[in-house]
Amino acid sequence: MKTLAKIVGALVALFVVYLALDRALPEPMARGQIALQRTVSGLELKSAEIPGFTIPYLEGGSAEGEPLVLVHGFAADKDNFDLAAMFLTRKMRVIALDLPGFGDASKPADADYSIGKQVERLDQFLTQLGITKAHFGGNSMGGWIIGTYAAAHPEKVSSLWLVDAAGVHTAKTSPLRQTYEKTGEIKLVAKNLEEFEAIAALAMEKQPPLPYSIRYVLAQRAAADYELHSRIFRELAASHETAALEQRVKGLATPTLITWGDQDHLTDVSGAEILHGVLPNSQVNIFNGIGHLPQVEVPHPAAKAYLEFRSGLGA
């Protein structure tokens, strides 16, 4: 009994030390914990160069077959799919990149970050890696980009995984867009930790526990990117109709899994049926009680649904 008490006491002491270090040394603690998460998920940090940009990316899993290329959403980064990748890398090669303007990628203040330009850069990135055909997954803005990429390069896309995709012009107006249209306020950019945590609460109904150090570092980066991301958001919002995703992918025969959280406050869930209606070879997977980031909020069920979809393609 005394031995058990000593073990429990030691574990409590270690946890207290961890909490203290997490607050006192947020940057090195965040780097260590992110590196650990990548290792657990079977991902390794790499980097590629395309004209004008350095693109950090994560890669892992089986080297055989066509890879799954994962593209994050607005103001997110390559680690946005880490939790789901834990289950995906066991079955396939996974690549998750930082888009230009986001994460740790190059961020020239005067560059064009439109959907069309990001599609061009995605193609340059894949060419640099020697990838001629792949499966693609994208969340939010990433879904908008990969859908547009598939419409432009159908011969290079084996399947699509659209996760709460942005850019569906005819979807019901989400709370995020309502606020922007009424006030001009952009709820997805932050100047400090408090505003960053408000973004997380808006984006997710079921937030995973996130250490203070990681929240602090992400908030610092968000503050540094505030002006650039505000400009990018306004430009994307202005192109919402002319670059509408449902118009770009209409009639596209690419096998597609459309995943959505029914409590999404950023891109309304009505977008799922709209995309299903224009994509003849698509299926819909709705998560009840989940927000804008199913791959973060329910990573195992999201990955399982995707693996079942891929298995169906094989059959």
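Position numbers for residues start from 1 in each chain and track the written sequence from start to end. Two thresholds apply to this predicted model, a pLDDT of at least 70 for residue-level local features and 80 or more for giving and counting side-chain atom pairs, whereas whole-chain, interface and lining totals are computed over all residues. Calculated side-chain values reflect all of the structure's heavy atoms, with hydrogen atoms and water omitted.

(A) Up close: the packing of helix 6 (residues 175-183) against helix 9 (residues 226-238). Running from amino to carboxyl end, helix 6 crosses helix 9 at an angle of 95°, the nearest separation of the two axes being 13 Å. Looking at the two axes, helix 6 sits roughly perpendicular to helix 9. Across the interface between the two elements, L176, R177 and Y180 from helix 6 touch F233, R234 and A237 from helix 9. Per-class residue counts for the contact of helix 6 with helix 9 are 4 nonpolar, no polar and 2 charged. Axis lines are fitted through C-alpha atoms, for helices just across the contact stretch, and the angle between N-to-C directions can take any value from 0 to 180 degrees. Helix numbers and strand numbers start at the N terminus; a helix is a DSSP run of H or I with at least 4 residues, a strand a run of E with at least 2. Angle categories are assigned with fixed cut-offs, so that under 35 degrees is roughly parallel, over 145 is roughly antiparallel, 65 to 115 is roughly perpendicular, and the rest are oblique. Two residues qualify as a contact provided that any one of their heavy atoms is within 4.5 Å of a heavy atom in the partner residue. The nonpolar class holds Ala, Val, Leu, Ile, Met, Phe, Trp, Tyr, Cys and Pro. Asp, Glu, Lys and Arg form the charged class, and all remaining residues, Gly among them, are polar.

(B) Spatial organisation of the pairing of strand 1 (residues 44-50). Bridge analysis of strand 1 against strand 2 (residues 53-60) gives 7 bridges, and the strand direction is antiparallel. Residue L45 lies in a different strand from strand 2, and its bridge partner there is L58. Strand pairing requires that DSSP identify at least two bridges connecting the strands. As consecutive antiparallel partners, strand 1 and strand 2 are separated by 2 residues, and within that stretch G52 has a phi angle of approximately 90°, a positive value.

(C) View of the pairing of strand 7 (residues 256-261). Note on classification: 1.4 Å probe, protein chains only; a residue is buried when its accessible area is under 20% of the maximum for its type, exposed when over 50%, partly exposed between these limits. Taking burial as the measure, the 6 residues of strand 7 include 6 buried ones, the bulk of the element. On strand 7, burial covers both faces: T256, I258 and W260 on one face and L257, T259 and G261 on the other are all buried. Two elements, strand 6 (residues 157-163) and strand 7, share 4 bridges in a ladder whose sense is parallel. Within strand 7, the residue paired with W161 across the bridge is L257. Of the strand pairs in this sheet, strand 7 and strand 8 (residues 282-287) are connected by 6 bridges, and their pairing is parallel. Its bridge partner lying in strand 8, L257 is registered against Q283. By convention, orient the strands away from the viewer: a clockwise path from the first strand over the helix to the second makes the crossover right-handed. Taken together, strand 7, helix 11 (residues 270-278) and strand 8 constitute a β-α-β crossover, and its handedness is right-handed.

(D) View of the packing of helix 4 (residues 115-128) against helix 5 (residues 141-152). For the pair helix 4 and helix 5, interaxial distance at closest approach is 9 Å and the crossing angle is 70°. Between helix 4 and helix 5, the angle is such that the two are roughly perpendicular. Seen from helix 4, the contacting residues are I115, Q118, V119, L122, D123 and L126; seen from helix 5, they are M141, W144, I145, I146, T148 and Y149. Residues that form the contact of helix 4 with helix 5 fall into these classes: 9 nonpolar, 2 polar and 1 charged.

In short, geometric facts, not functional conclusions.
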